[in-house]
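# Report on the structure
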Amino acid sequence: FGLSDKVALHHQHRIAGNGDAIRIGMRTDLRRSAHIRTLPAATLQTIETRPRVVPMADGLLATLRGINLNDGANAADMVAVRVWLTPGLVVTVRRRRIFAVDDLRTQAEAGSAPANPAQFLADLCDGLVARIETVSLALENETDVMEAAIYDQGGKTLTNLSERRRSVIKLRRHVGPQTDALHALAICDSALIPDILRPGLAEIANRATRSVEELAEVRERLTALSDHLDMIQTARLERNGYVLSVIAAIFLPLGFLTGLFGVNLGGMPGTGSPMAFAALCLGIVTIGAALYAYFHWRDWL
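Residues numbered from 1 in each chain as written. Predicted model: local features only at pLDDT ≥ 70, side-chain atom pairs only at ≥ 80, totals over all residues. Heavy atoms only, no water.

This part covers the environment of Pro 55. Along the chain, Pro 55 turns up in strand E3 (residues 52-56). Along the backbone, Pro 55 and Ala 184 are 129 residues apart, and their C-alpha atoms lie at a distance of 9.9 Å. Residues contacting Pro 55, with those up to four places away along its chain left out, are Leu 60, Cys 188, Asp 189 and Ser 190. (Helix = DSSP H or I, 4+ residues; strand = E, 2+ residues; numbered from the N terminus. Contact = heavy atoms within 4.5 Å.)

Most of strand E6 (residues 89-94) sits out of view: six of its six residues are buried. Alternating residues of E6 divide into Leu 89, Val 91 and Val 93 and Val 90, Thr 92 and Arg 94, and every residue in both groups is buried. In this sheet, E6 lies alongside strand E5 (residues 79-86) in antiparallel orientation, the contact comprising six bridges. In the sheet register, Val 83 faces E6, and the bridge partner there is Thr 92. Count of turn residues in the E5/E6 antiparallel hairpin: two residues. (Buried < 20%, exposed > 50% of the residue type's maximum accessible area, 1.4 Å probe, protein only. Pairing = 2+ DSSP bridges.)

It is worth spelling out the packing of aromatic side chains at this point. A complete count under the given rule lists two aromatic pairs for this structure. Centre to centre, the rings of Tyr 294 and Phe 295 are 6.0 Å apart; their planes meet at 55°, and the pair counts as tilted. Among the residues examined, Tyr 294 registers a relative accessible area of 37% and is labelled partly exposed. Ring geometry for Tyr 294 against Trp 297: centres 6.1 Å apart, planes inclined by 45°, an arrangement best described as tilted. Of this pair, Tyr 294 and Trp 297 both sit in helix H7 (residues 276-297), three residues apart, which is roughly one turn of that helix. Taken together, Tyr 294, Phe 295 and Trp 297 form an aromatic cluster joined through their ring pairs. Sitting over the face of the ring of Phe 99, Arg 97 holds its NZ or CZ atom 4.2 Å from the ring centroid. (Phe/Tyr/Trp six-rings, centres within 6.5 Å; stacked < 30°, edge-to-face > 60°. Lys NZ or Arg CZ within 6 Å of the ring centre and 35° of its normal.)

Attention now goes to the layout of surface pockets. Approximately 230 Å³ is the volume found for the largest pocket. The wall of the largest pocket is formed by Ile 47, Glu 48, Thr 49, Arg 65, Met 78, Val 79, Ala 80, Arg 82, Arg 95, Arg 96, Arg 173 and His 174. Breaking the lining of the largest pocket down by element, the ones donating at least two residues are E5 and helix H5 (161-187). Grouping the amino acids of the lining of the largest pocket by side-chain chemistry returns four nonpolar, two polar and six charged. (1 Å grid on protein atoms, 1.4 Å probe; cavity = no way out; pocket = protein on both sides within 12 Å on 5 of 7 lines; lining within 4 Å. Points joined across faces, edges and corners; volume = space filled by probe spheres on them. Nonpolar A, V, L, I, M, F, W, Y, C, P; charged D, E, K, R; others polar.)

Written out as structure tokens, the structure reads:
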């Protein structure tokens, strides 16, 4: 990372932008270039993160997650963004591109940067949640299509059901803790967050909560779809097995008769009659028809 990409925020604050990978020695770079203490610098370079907000004496540390909209990436593989705020500085760190951060960078370069670090964080949270809402709504609409194909149109298979279930599970894993972090941000005891921003942050947290509820609903609906398809498959297998059992029950005595009359021993009845074979065939057909009629009468067929 380098911290050379600094943009003025209304001539008072600055954003310390960064690159796209965490490398060895970054903690030293952060401490020297942005004068960040050891603990925040170590947190900013942590690879495995969980959404959270930590007020500190000289700043505020936030770890959030954003939808992965990079080319060829799975949206559910959410990208972590680590944010360090002080009264005059914002530092963001991430391993991959996050479009919500890029939007704020573009605004800053165009001269319309947020008025202060707290507003930057609020705008960042708004951008992250807006993209989460878009993805969760798309998953909900796709689930509607799947349900219509199965319940209304009588479909028996869905090729992308497992993939969608995995996506929802991954999203729910990170969006849930992020919702808690956003609620904590709205009420955190930090002078960096002015009271005028707290209602807006609370509304962003409420939107994130709604997305979590939507994802939970989609997960349950997909689970119900999977159970329904499993039930259909199980019923089909049971029906096929039952039919095979009935067929075997019909042909078992017929096989016994053909085996019995097929032995090549003296004394077999009908060996000297030209009508014996026809009589045997007629008997087999009669027995088979009688067994079929019996099974049908017992509602076994």
